[in-house]
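These are the residues of each chain, in order.
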Amino acid sequence: MNETILYSFIGFLALFLFVGLLSVRKRKQSVDDYLLASRDINPAFVGLSGAATTASGFGFTGIIGFGYVMGLSGAWFVFGIILGSFIALSLTARRFRCYSQRRKCVSFSEYLTSGMVLKSRLLPLLIALATVVAVILYATAQLTAGSKALHVLFGWHYNVGAILGAAMVLIYCWAGGIRASIWTDVVQIIVMYAAMTILMVVALAQIGGFEALYDQLHSIDPNLVSIWPANNPMGPLLFILGCVSVGVSFIGFPHVMVRFMTLKNPKDTARAIGWFELSYGAFYITAYIVALCTRVLVDASNGFDNELALVQLSLDLLPDILVGVILAGIFAGTISTADSLVLSCTATLSCDVFSKHRNSYVFLKGCTLAATAIALFIAIIGSKSVFDLVLFVVAIMGAGFAPLFFVRVMKWPIGEMTALLMIVGGLSTSVLWRLQGLHKYVFDSFPGIVVAVVIYGVMMMIQKGKRCRSE
């Protein structure tokens, strides 16, 4: 174990904990403050926090492994998520901030059924179940990403990193709820971007610049410099639309959209989106350049895990103290998302599943503990592939929630049965798409979203026909 790397890493973790604990000074022991920070967060913090919690440990592991394999054609993924998220957030975020407060909703899942005439508890329970499963699996992916990095650098068992991450998540959440999460997110996205930028500059200098990077990628495999994905039977257009669908899926992410619920003034939503897209886009563009550099500089022999290419590149190129910064950046990304996901799960459990306890502050903290424990358990016993797990969860949230959420914020007519069919149809399509292995060519969020939209259109036509016949 290198002591300089360890001390640098511990120093940054201490900084994150300190910032999170500072939020205790503004804490109010109420449900509204624990889950929504009393709706008193400024737009810069909302945007930066949203970027941090979306970029996550996936940006240091999953996207690096993806770029390592795909080459230039994989850059469509970065383009797609930036474009898709900008369009989706621009259309929905301000409406959501206003309507969620007007309807006194404190969770994303609660908003999806607010004001809807329900004949049973089936719809809210289905939404709650899908939310809990999705966010816990997503939190699991974050803990896994952090544990993989610690395993490579320090030789620690995977479980150690996962336990350390879970402990920090629990401290943040219990200390100040979502305010602690947002405050630490702001510091974490700065560290994440600084770490990635340092590595990009050093890696490009080692290679000899962008032109040399292109030439060396070409010498490894000409397909790596092709702008279109090689051997994709569904063609480039569907591949690109699949990438855009991942960005659109962001409006189905409870842990992202809750940030906009905390915004102090709805008029500042555009500024919050601007901060989000700028910081998120800068981070992912930088990360993808690093991913391409890893293909040139990191040897992929002997069963190499390409999701650890960035960690290996750091060890090869950077002084020990900066390796600690990279590791802190990875861990920052995992924690910034995991704590947000745990709080989203807490909100769903308290407001939708065990609604009679929704005003109990103690019960909220119990839900936080339970969600963290389950995520940790799955991280310890489950798969170590971050990219596949994250993209599967994106499909669940995107196909299951994004179309319904869009209909709700646009105030289009929808009934209980239509909402149920949209969720079931979107989710089942995405799952079947993945089981068939088609997600390798077009991300599974795309067909799920398309099916949910088609279901809504068909149901509206059927209802319109019924009204015409009755008249």
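Placed above this text is the structure.
Thresholds, definitions, all that
- Residues numbered from 1 in each chain as written.
- Predicted model: local features only at pLDDT ≥ 70, side-chain atom pairs only at ≥ 80, totals over all residues.
- Heavy atoms only, no water.
- Phe/Tyr/Trp six-rings, centres within 6.5 Å; stacked < 30°, edge-to-face > 60°.
- Buried < 20%, exposed > 50% of the residue type's maximum accessible area, 1.4 Å probe, protein only.
- Helix = DSSP H or I, 4+ residues; strand = E, 2+ residues; numbered from the N terminus.
- Axes fitted to C-alpha atoms, helices over the stretch in contact; angles between N-to-C directions.
- Left-handed = near helix turned anticlockwise from the far one by under 90°.
- Contact = heavy atoms within 4.5 Å.
- Nonpolar A, V, L, I, M, F, W, Y, C, P; charged D, E, K, R; others polar.

### Quick look at the packing of aromatic side chains
Step number 1: This structure, assessed with the given rule, holds 20 aromatic pairs.
Step number 2: Here the aromatic rings of Phe406 and Trp412 are separated by 5.5 Å at their centres, their planes lie at 80°, and the arrangement is edge-to-face.
Step number 3: Classification of Phe406 as partly exposed rests on a relative accessible area of 23%.
Step number 4: Judged by centre distance (6.4 Å) and plane angle (25°), the ring pair of Trp412 and Tyr456 falls under stacked. Placement of the pair is Trp412 in the loop between α16 (386–409) and α17 (416–435) and Tyr456 in helix α18 (residues 445–470), with a sequence separation of 44 residues.
Step number 5: On the basis of relative accessibility, which here comes to 40%, the residue Trp412 falls in the partly exposed class.
Step number 6: Aromatic rings pair up to connect Phe250, Phe253, Phe276, Tyr280, Phe283 and Tyr284 into one cluster.

### Observations concerning the packing of helix α3 (residues 43–55) against helix α12 (residues 269–297)
Step number 1: Contact geometry of α3 with α12 gives a least axis separation of 7 Å together with a crossing angle of 35°. Crossing handedness for the pair α3 and α12: right-handed. Across the interface between the two elements, Pro43, Ala44, Val46, Gly47, Leu48, Gly50, Ala51, Thr54 and Ala55 from α3 touch Arg271, Ala272, Trp275, Phe276, Ser279, Tyr280, Phe283 and Tyr284 from α12.
Step number 2: Residue composition of the contact of α3 with α12, grouped by class: 12 nonpolar, 4 polar and 1 charged.

### A closer look at the side chain of Thr372
Step number 1: Here Thr372 is to be found in helix α15 (residues 361–381).
Step number 2: For Thr372, the residues in contact, after removing those within four places along its chain, are Ala166, Val169, Leu170 and Val342.

### Overview of the environment of Ile273
Step number 1: Take Ile273: it is sitting in helix α12.
Step number 2: Distance from Ile273 to Ile163, taken between C-alpha atoms, is 33 Å for residues 110 residues apart in sequence.

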